[in-house]
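Descriptive analysis of the structure
Listed below, chain by chain, are the residues.
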Amino acid sequence: MSSKIFYIPERLTSQYFKDFLDVAKDIFKRDCWHIPDVVVRVDRINKVDILGQLLLYKFFDYTVQNQCFIKPVVNLIENKYLNAEMTKLGFKNLMKNYIKANNLKDDDFKYNECDSFFIAPIVLRSDKSKAIDANNIKKIENFYGGNKDIQNIVLQSIGEIGSNFQEHADCDTQSVIVAKGEKSYIEVACADNGVGIINSLRAFGNKDTEVMRRCIDKGVSSKIDKWHTGSGLWIINQLVNKSNGTMIICSQNCYLKNKKGHITVGESPLWKGTFIYVKIPLLATLKLSDIFVGEISPTVQLNII
């Protein structure tokens, strides 16, 4: 019997996220396949970042939860580069657990410092009021020394993205947020297999691309009340603009990309859920209060989830 082979593209990075979605899109079109003799080929990968690792992980999350494959074969160990990168960022053990259909434990997600950066993968569950506990907050603050402005930018970036996934989840999809911080920049990626931004914000536009464009506007939320002001993605977008950073939001069949203040919106291959990637250069002059220039409120409370 011939095997069904999924070839993961060579560049598994934020810049080439559509290439990966082209491979995954057919799986997301169905809920349950029970495909036997599946081989996921990762031996060609020669470039990977935190978003690429997270998307690969959530791809397996989806296929396991929906029983898409029967005992899939993944040749992770054959790719020494990918194996080393996933070990460094903590995703190798997570991947092994999913491939073996083991249950994940909170201990599987650990803050770790390695050379010049820290890595903090965190599972976001609806029964957890705080995804970033006080211990990890302290470690992140220590990593950036006594620079309160940089500490606030980093914690705000992680907190706003994480809280958006928790607040807008209609079900417990065990979203995963991962932050990779260096002295000069912070990268944050979060992904789930939930209902998606387009479905949850349908009231804000008739076309899918219109809804995607509106999702970063202030006051746009599926849960507008006194606790949800609809400012989370707006705050992140402002930080990206002020720092000449990068943000990618992809949900269902649409994407939004903000590259140094230039926003593009378009259609993309299907992703069952939502993922967000943000890279913010940590400029010495960047302050959290900068994003409220011209706004009514000059201050913001840190949204540490």
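Residues numbered from 1 in each chain as written. Predicted model: local features only at pLDDT ≥ 70, side-chain atom pairs only at ≥ 80, totals over all residues. Heavy atoms only, no water.

1. Examining the packing of aromatic side chains
The full count for this structure, using the stated rule, is 13 aromatic pairs. Ring geometry for F143 against Y144: centres 5.0 Å apart, planes inclined by 80°, an arrangement best described as edge-to-face. No difference in accessibility class separates F143 from Y144, as the two residues are buried. An aromatic cluster is defined as three or more aromatic residues linked by ring pairs; in this entry it consists of F6, F17, F20, F28, F59, F60, Y62, F69, Y255, W271 and F275. Positioned above the aromatic ring of Y16 is the side chain of R11, whose terminal nitrogen or guanidinium carbon lies 3.8 Å from the ring centre. One Lys or Arg, K183, reaches over the ring of F143 and ends 3.9 Å from the middle of that ring. (Phe/Tyr/Trp six-rings, centres within 6.5 Å; stacked < 30°, edge-to-face > 60°. Buried < 20%, exposed > 50% of the residue type's maximum accessible area, 1.4 Å probe, protein only. Lys NZ or Arg CZ within 6 Å of the ring centre and 35° of its normal.)

2. What about the sheet that holds strand β5 (residues 73-74)?
Read across the sheet, three strands follow the order β1-β3-β5 without closing on themselves; strand pairing throughout is parallel. Taken across any chain shown, the strands that pair with only one partner, and hence form the sheet edges, are β1 (4-7) and β5. (Pairing = 2+ DSSP bridges. Helix = DSSP H or I, 4+ residues; strand = E, 2+ residues; numbered from the N terminus.)

3. Some points on the pattern of salt bridges
Applying the stated criterion across every chain yields a total of 10 salt bridges. K88 is the partner of E85 in a salt bridge, and the nearest nitrogen-oxygen pair spans 3.3 Å. Placement of the pair is E85 and K88 together in helix α3 (residues 80-88), with a separation of three residues, close to one helical turn. With a closest N to O distance of 3.9 Å, D149 and K287 form a salt bridge. Linking D149 in helix α6 (residues 148-168) with K287 in the segment after β11 (262-281), this pair joins segments that are 138 residues apart in sequence. Residue D149 is classed as partly exposed on the basis of its relative accessible area, which comes to 27%. If you follow the salt bridges from partner to partner, you end up with R213, R214 and D217 in one network. (Salt bridge = Lys/Arg side-chain N within 4 Å of Asp/Glu carboxyl O.)

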